[in-house]
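Notes for the structure review
Read off the chains here:
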Amino acid sequence: MEASVGDILIVGAGIAGLTTSLGLHRLGIRSLVLESSDTLRETGFAFTTWNNAWKALDVLGIGDSLRQPHQQLQGMVVTSTISRQPPSERSLKSEGKLSEREIRCVRRKLLLEALVRELPIGTIRFSSKVVSVEESGYFKLVHLADGSILKTKDEFRRIEMGLNKFAKERRWRSFQLISTAYVVGFIHESKGKIMTFLRDKILPAFLTGVLIKRADFDCGELSILNATASV
Ligand SMILES: Cc1cc2nc3c(=O)[nH]c(=O)nc-3n(C[C@H](O)[C@H](O)[C@H](O)COP(=O)(O)OP(=O)(O)OC[C@H]3O[C@@H](n4cnc5c(N)ncnc54)[C@H](O)[C@@H]3O)c2cc1C
């Protein structure tokens, strides 16, 4: 059983898959999203979304509908559940070069629903688990768990080329994010006396500052197919 579908198949109706599909839809490109579950999955409750996320949501055209039910966060409190140290507080108001800092805690369910609402009917195909992808000349054959096969063009190289420049320019950012996550995780997990002392008495304010600095990074713009989308 083989069916020819459009140029673009997206595997997974999570935040990444639905956002990609909506981004393409805004550019006038149709895609089909294959989701293994029989309904939208919501793992976790909410996301803390910062400026870059709001830029992306605005480009997708769902920023304002999501702002309404989610209040802007004004500050952050870091506390240790082990020591009895007073919590360290930090304002999230804009400062320095940043004109405005927008941080909200967005409910995952509302985000997924907002993405789906804007997609044309029939974009998501539920109960469609991809089990393998097979090369077939210029095409790819996508095998689903129910035995059906979907045929799509092999656009991988074009997409790879489009993303390469963007990724290259942001290599240092990736290094910073990964090394920060590693060091913070190491400090959180450490049980030694010195680390425990540093973690509970000295580092909370510093770590909050690092988080805010990393989140204030401006992700810039990504150009695809002569159209420009902020990510
Ligand atoms: C409890 C929890 C809390 C979190 N909180 C945050 C947070 O506050 N902030 C943050 O940035 N991140 C958070 N994360 C991480 C966040 O969940 C992920 O970054 C985000 O969901 C990734 O989105 P995604 O679309 O890539 O993947 P997913 O949301 O995992 O979506 C993937 C989709 O693909 C489907 N799928 C998988 N395999 C197949 C297949 N073979 N065929 C068809 N469909 C398939 C799955 O069913 C799923 O629906 C949290 C994660 C968890 C578990």
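Residues numbered from 1 in each chain as written. Predicted model: local features only at pLDDT ≥ 70, side-chain atom pairs only at ≥ 80, totals over all residues.

Within the structure, the ligand sits among 18 residues, and G12, G14, A16, S36 and G44 are positioned closest to it. Looking at the shell around the ligand, the elements that each hand over two or more residues are α1 (15–26) and β4 (46–49). Broken down by element, the shell around the ligand gets its largest block of residues, three residues, from α1. Considering only residue class, the shell around the ligand consists of seven nonpolar, eight polar and three charged. (Near = placed C-beta within 6 Å. Helix = DSSP H or I, 4+ residues; strand = E, 2+ residues; numbered from the N terminus. Nonpolar A, V, L, I, M, F, W, Y, C, P; charged D, E, K, R; others polar.)

With that settled, the discussion passes to the sheet that holds strand β8 (residues 124–125). The strands that make up a sheet are held in pairs by hydrogen bonds between backbone atoms, and each pair lies either parallel or antiparallel. Sheet architecture is open: three strands sit in the order β2-β3-β8, paired in parallel fashion. Each having just a single partner strand, β2 (8–11) and β8 make up the two edges of the open sheet. One ladder, built from two bridges, connects strand β3 (residues 31–34) with β8; its direction is parallel. Within β8, the position partnered with L34 by the bridge is R125. (Pairing = 2+ DSSP bridges.)

Of the positions making up helix α4 (residues 108–117), those classed as buried are L111, A114 and L115. Axial view of α4: buried residues confined to an arc of 100°, hence all on one face. The inward-facing, buried residues of α4 contact α1, β4, α3 (63–67) and β7 (104–107). (Buried ≥ 20, exposed ≤ 12 C-beta atoms within 10 Å, placed from the backbone. Arc of directions from axis to C-beta. Contact = placed C-beta atoms within 7 Å.)

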